Amino acid sequence: MPVYRPLPADHEQAEYMRQIARECRELLQQPPPDTFLGRKTQEPFPAEGDATPNEQR
């Protein structure tokens, strides 16, 4: 039965994939970015009764 011995290129590829996995884990541990979606930053302007937009004041 032949014994498999990895080539040096296999070691380099495996280390590269481990580095990618480490970077991905670091990114996933960070809090999600603030996208402003759903955030209420200010109150809307108050309604002025029955005034229409074309009505002169």
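Refer to the structure presented above.
This report concerns the structure included in the present document. (Residues numbered from 1 in each chain as written. Predicted model: local features only at pLDDT ≥ 70, side-chain atom pairs only at ≥ 80, totals over all residues. Heavy atoms only, no water.)

**Notes on the overall build of the chain**
Per the secondary structure count, the chain includes one helix and zero strands. For the chain, the proportion of its 57 residues judged to be buried stands at 0%. With the model as given, the accessible surface of the chain reaches about 6400 Å², and the carbon-plus-sulfur share is 58%. (Helix = DSSP H or I, 4+ residues; strand = E, 2+ residues; numbered from the N terminus. Buried < 20%, exposed > 50% of the residue type's maximum accessible area, 1.4 Å probe, protein only. Areas by Shrake-Rupley, 256 points an atom, 1.4 Å probe, with all protein chains shown as cover.)

**Section: the pattern of salt bridges**
In the structure shown here, the tally under the stated rule is two salt bridges. Where Glu15 meets Arg18, a salt bridge forms, and the shortest distance between an N and an O atom there is 3.4 Å. You can see Glu15 and its partner Arg18 sitting in helix 1 (residues 8-29), three residues apart, about one turn around the helix. Glu15 is paired through a salt bridge with Arg22; the nearest N and O atoms lie 2.9 Å apart. Look at Glu15 and you get partly exposed, because its relative accessible area is 37%. On the basis of relative accessibility, which here comes to 31%, the residue Arg22 falls in the partly exposed class. Through salt bridges with shared partners, one network takes in Glu15, Arg18 and Arg22. (Salt bridge = Lys/Arg side-chain N within 4 Å of Asp/Glu carboxyl O.)

**Some thoughts on a nonpolar patch on the surface**
Together, Tyr16, Met17 and Ile20 make up a nonpolar patch on the protein surface, roughly 290 Å² of accessible area in all. Among the structural elements, Tyr16 can be located in helix 1. (Patch = residues over 30% accessible without salt bridge, like charges linked within 9 Å, V, L, I, M, F, W, Y side chains within 5 Å.)

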